[in-house]
Amino acid sequence: MALSVKHLLGIKYLSLEDILLILETAENFKEVINRPIKRVPSLRDITIANLFFENSTRTRLSFELAEKRLGADILNFTASASSVTKGETLVDTVNNILSMKVDMLVMRHPNPGAAIFLSNHVSANIVNAGDGTHEHPTQALLDAFTIREKLGEIKGKKIAIIGDISHSRVALSNIFCLQKLGAEVMVCGPTTLIPKHMASLGVRVTHNLREALNWCDVANVLRIQLERQDIKYFPSLREYIMLFGINKAIIDSLDHEIVILHPGPINRGVEITSDVADSSQSVILDQVENGVAIRMAVLYLLAGKVSS
Ligand code: ASP
């Protein structure tokens, strides 16, 4: 089995078969990374450059570990420590890196569409590790993997995505991924943080947190993306916490148990309280563990497409 795509630019461009193949391959890799010897030499002849033009903790470490577990050679690039600060263009920077015989690129960039743009200009296989407010495909895949692991299947499940939908690439990738897998999706947040076109994507929209929590099997709680907000989208953080913060009292008042996800980084006491984030209903650290297996699967499957 092979992916239908040469790059992972977004979940939008994957078929259901592609998603299922990645999830199944990740199951095998999860088993590998839980063995005493956590490595397989599948990418021994492959060189991967990690290009991070924007800050990252989990995603960057997770890709790096996935690459190491697969035996790839790795180059790490951070924009702030590079010649980008001297005015070099993205295509020039990348073409210089590729001249060093690099096969694959993992790129995080603040501009939506940056990975798609690059895929039109260079020959290497590209994995989008987050492009501005657009997509974060490996996050959605690891979220789907974690939900499937916890609930058995995704088809027919109800997933609420709560918080700053407008500025979140996690939201869009999750919507595409969950819908392709047959889930129902609801978004919940302040009117100013939910784009008007949401309903046209076939998702339910609510501004009432209790309604979302009563409806869902799974709540994916998002951080307010203050670094991408040019104006104030709600009157005060205190008001946001009162209306959209997930706390133990509201979770305990529901008539059913829900699974809680968060892509990280968490702002404890803002979108989620510590007692909920650290509770047995939370699968936040499972998401992080599963992220390595998902990224191994993506890199392994795309490596089959190197110079094809
Ligand atoms: N880590 C996720 C991202 O890179 C979510 C977040 O930053 O809030 O989009």
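Structure shown above.
The text that follows walks through the structure, step by step, so that each part is easy to find.

Criteria and cut-off values
Residues numbered from 1 in each chain as written. Predicted model: local features only at pLDDT ≥ 70, side-chain atom pairs only at ≥ 80, totals over all residues. Heavy atoms only, no water. Helix = DSSP H or I, 4+ residues; strand = E, 2+ residues; numbered from the N terminus. Buried < 20%, exposed > 50% of the residue type's maximum accessible area, 1.4 Å probe, protein only. Contact = heavy atoms within 4.5 Å. Lys, Arg positive; Asp, Glu negative; His and termini not counted. Charge placed at Lys NZ, Arg CZ, Asp CG, Glu CD. Near = heavy atom within 4 Å. Polar contact = N/O pair within 3.5 Å; in protein donor to acceptor, adjacent residues only side chain to side chain. Areas by Shrake-Rupley, 256 points an atom, 1.4 Å probe, with all protein chains shown as cover. Nonpolar A, V, L, I, M, F, W, Y, C, P; charged D, E, K, R; others polar. Pairing = 2+ DSSP bridges. Axes fitted to C-alpha atoms, helices over the stretch in contact; angles between N-to-C directions. Parallel < 35°, antiparallel > 145°, perpendicular 65-115°, else oblique. Left-handed = near helix turned anticlockwise from the far one by under 90°. Right-handed = clockwise from strand over helix to strand, strands pointing away.

### Here we look at the overall build of the chain
Helices and strands together make up the secondary structure of the chain, namely 11 helices and nine strands. With the C-alpha coordinates of the chain rotated into their principal frame, the extents come out at 55 × 45 × 35 Å. Across the 308 residues of the chain, 56% fall into the buried class. Sequence separation of 24 or more characterises 74% of the internal contacts of the chain that already satisfy a separation of 6 or more. In the chain, 32 positive and 33 negative side-chain charges are present, and the distance between their average locations comes to 2 Å.

### Topic: the site of the ligand
Around the ligand sit Arg108, His136, Arg169, Val170, Arg223, Gln225, Gly264 and Pro265, and that is every residue in its neighbourhood. Here an oxygen atom of the ligand sits 3.1 Å away from a polar atom, N or O, in the side chain of arginine 108. Glutamine 225 places a polar side-chain atom, nitrogen or oxygen, 2.8 Å from an oxygen atom of the ligand. Calculation on the ligand without its partners gives an accessible area of 260 Å², and the protein chains cover 92% of this total. Looking at the shell around the ligand residue by residue, the classes come out as two nonpolar, three polar and three charged.

### Quick notes on the sheet that holds strand 3 (residues 104–109)
Pairing is parallel across the open sheet formed by four strands, whose spatial order is 2-1-3-4. The open sheet has two edge strands, strand 2 (73–78) and strand 4 (125–131), and neither has a second partner. Sheet twist, expressed as the average angle between the axes of neighbouring strands with direction ignored, equals 15°. In the sheet, strand 1 (residues 47–52) pairs with strand 2 via six bridges, with the strands oriented parallel. Paired with leucine 51 across the two strands is phenylalanine 77, which belongs to strand 2. Sitting on the sheet, helix 2 (residues 58–69) touches strand 1, strand 2, strand 3 and strand 4, and the angle it makes with strand 2 is about 165°.

### Regarding the packing of helix 5 (residues 137–151) against helix 11 (residues 284–303)
Pairs of packed helices are described in terms of their axes, by the angle between the two and the distance that separates them. Interhelical geometry of helix 5 versus helix 11 gives an angle of 120° and a closest axis separation of 8 Å. Judged on the interaxial angle alone, helix 11 and helix 5 are oblique. The two elements helix 5 and helix 11 meet at a crossing, and its hand is right-handed. Along its contact with helix 5, which presents Thr138, Gln139, Leu141, Leu142, Asp143, Phe145, Thr146 and Glu149, the element helix 11 presents Asp286, Gln287, Asn290, Gly291, Ile294, Arg295 and Val298. Split into classes, the residues belonging to the contact of helix 5 with helix 11 amount to five nonpolar, six polar and four charged.

### Some thoughts on the sheet that holds strand 9 (residues 259–261)
The strand order across the open sheet built from five strands is 7-6-5-8-9, with neighbouring strands paired in parallel fashion. Every other strand in the sheet has two partners, leaving strand 7 (204–206) and strand 9 as the edge strands with one partner each. Taken over all neighbouring pairs, the strand axes of this sheet differ in orientation by 20° on average, direction set aside. Pairing between strand 8 (residues 218–221) and strand 9: three bridges, direction parallel. Residue pairing for strand 9: valine 218 is matched across the bridge by valine 259. Packed on one face of the sheet, helix 5 meets strand 5 (158–162), strand 8 and strand 9 and runs near 165° to strand 9.

### A look at the pairing of strand 6 (residues 184–188)
Two faces make up the sheet, and in a regular strand the side chains alternate between them. In terms of burial, strand 6 is a largely internal element, four of the five residues being buried. As paired elements, strand 5 and strand 6 share five bridges and run parallel to each other. Along strand 6, the bridge assignment pairs isoleucine 162 with cysteine 188. With helix 6 (residues 169–180) bridging strand 5 and the parallel strand 6, this β-α-β connection has right-handed handedness. Sheet topology places strand 6 next to strand 7; three bridges connect them, and they run parallel. The residue bridging cysteine 188 from the neighbouring strand is threonine 206, located in strand 7.

No statement about biological role is implied by the geometric values presented.
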